Amino acid sequence: RIGFKSITTIEKVCEAFPELDMVDHMNRARLSEMIRTQGLVHDENFRPIDAIVLLGEPIQWERSLQVIIDLLLTDGNPASVPEASTIEHDHIPIIACNRDLVFKAAADLPRFGHGAFLTCLETLYKSISGNNLKYTAFVGKPYEISFQYAETIANKIALANGQPKIDKVYFIGDNPDVDIVGANMYNNVLQQAMNSKTSITGYSLLPPSDLLSAAVCESILVCTGVYEPGKHKIDGKNPWKLPTTIKLNVLEAIKYVLFKETCPSIVSC
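Residues numbered from 1 in each chain as written. Predicted model: local features only at pLDDT ≥ 70, side-chain atom pairs only at ≥ 80, totals over all residues. Heavy atoms only, no water.

Describe the pairing of strand 7 (residues 216-222), and please don't skip the residues or the numbers.
Counting buried residues along strand 7, six of its seven residues qualify, which places the element largely inside the surrounding structure. Summarising the sheet, strand 6 (residues 168-173) and strand 7 pair through six bridges and their orientation is parallel. By the bridge assignment, G173 is partnered in strand 7 with L221. The β-α-β motif built from strand 6, the intervening helix 6 (residues 176-190) and the parallel element strand 7 has right-handed crossover chirality. (Buried < 20%, exposed > 50% of the residue type's maximum accessible area, 1.4 Å probe, protein only. Helix = DSSP H or I, 4+ residues; strand = E, 2+ residues; numbered from the N terminus. Pairing = 2+ DSSP bridges. Right-handed = clockwise from strand over helix to strand, strands pointing away.)

Printed below as a string of structure tokens:
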């Protein structure tokens, strides 16, 4: 439960419009039988979609890619297909999170993540509509608003336990392209004046708050996930991908943080 009052899913949209999912060959047979016996039947109570929220990669990519693009091209209502136009048309709002292209799992090579799904969605929408997909908002790593939210929660916990608000954030991640980039961009935001902070990514930030107190964000890259020192090289020409320090694993990263907080003058990075 994340606050939305009226939600639906790709599966329910396909139930309302059975002709949309042609990836499922069993559905093709059911659709043919429906049309033969009673014609094409839609859910008359279907309410047009107001916005699309993408939280993670779906199980059936092909179906989701097709139906999401259908919704974007029809203002959220597949029953009402607009006439073709050469004029760029704004689609319904789309909010997404987690831009990780890949993640580390049991396989030797990284697995496709939600970022791979979004790349497919953007490419297909561009190819079909001729226009770029425009996100209303983007949250999750590497977008700064996610770091702000984490800092807010950390300060709430600190204050609830009689501790002072934090003045430094340590971010541990295994992906230079997402984790480290995000932490470094957040560090850039923290260096800006409180009332004039600007997002590097171009998306919204939280308004100024007493619960946003940090002045620095250090990025700690660990070697237990996407990044493996023997297989990958960090792009030294891209400062956003350069971590504050590299540690073997999360335990070593925690030791680094604890040692730096107790003996900051002698910590070796």
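Back to the write-up after that little detour.
Which residues make up the environment of M22, and what values do they have?
Considering the arrangement of structural elements, one finds M22 in the loop between helix 1 (10-16) and helix 2 (25-38). M22 gets classed as partly exposed once you look at its relative accessible area, which sits at 30%. In the structure, M22 is positioned 132 residues away from A154 in sequence and 47 Å away in space, judged by C-alpha atoms.

Explain the sheet that holds strand 1 (residues 52-54) to me, and be specific about the residues and the numbers.
The sheet built from three strands is open, its strands ordered 1-2-5 with parallel pairing. Each end of this open sheet is capped by a strand with a single partner; those strands are strand 1 and strand 5 (137-139). On average, each strand axis in the sheet is inclined to that of its neighbour by 10 degrees, with strand direction left out of account. Relative to strand 5, strand 2 (residues 94-97) runs parallel, the two sharing three bridges. Residue pairing across strands places A96 opposite F138, the latter belonging to strand 5. Packing against the sheet, helix 4 (residues 114-129) makes contact with strand 1, strand 2 and strand 5, and its axis sits at approximately 150 degrees to strand 2. (Axes fitted to C-alpha atoms, helices over the stretch in contact; angles between N-to-C directions. Contact = heavy atoms within 4.5 Å.)

Which residues make up the packing of helix 3 (residues 61-73) against helix 4, and what values go with them?
Where helix 3 meets helix 4, the axes come as close as 10 Å, and the angle between the chain directions of the two elements is 45 degrees. Classified by the interaxial angle, the pair formed by helix 3 and helix 4 is oblique. In this structure, helix 3 meets helix 4 at a crossing whose hand is right-handed. Where helix 3 approaches helix 4, its residues W61, S64, L65, I68, I69, L72 and L73 are matched on the opposing element by A116, F117, C120, L121, L124, Y125, I128 and S129. Residue composition of the contact of helix 3 with helix 4, by class: 13 nonpolar, two polar and no charged. (Parallel < 35°, antiparallel > 145°, perpendicular 65-115°, else oblique. Left-handed = near helix turned anticlockwise from the far one by under 90°. Nonpolar A, V, L, I, M, F, W, Y, C, P; charged D, E, K, R; others polar.)

Lay out the domain arrangement of the protein with the relevant residues and their values.
As far as domains go, the protein holds domain 1 (10-138) and domain 2 (144-262). Facing the 10 residues of domain 1 at the interface are eight residues of domain 2. For the pair domain 1 and domain 2, the summed buried area comes to about 660 Å², and 58% of that belongs to carbon and sulfur atoms. It is D100, K104 and F138 in domain 1 that bury the most area against domain 2; as a group they hold 58% of the surface buried on that side. Counting across the interface, domain 1 meets domain 2 through one salt bridge. In this structure, the salt-bridge partner of E228 is K104, at a minimum N-O distance of 3.4 Å. Along the contact surface separating domain 1 from domain 2 lie one residue pair in polar contact (both at pLDDT 80 or more). When contributions to the side of domain 1 that touches domain 2 are tallied by element, the ones reaching two or more residues are strand 3 (102-103) and strand 5. Class assignment for the residues of the side of domain 1 that touches domain 2 results in five nonpolar, one polar and four charged. (Domains from an automatic or database assignment. Buried area = accessible area lost by both parts, 1.4 Å probe. Salt bridge = Lys/Arg side-chain N within 4 Å of Asp/Glu carboxyl O. Polar contact = N/O pair within 3.5 Å; in protein donor to acceptor, adjacent residues only side chain to side chain.)

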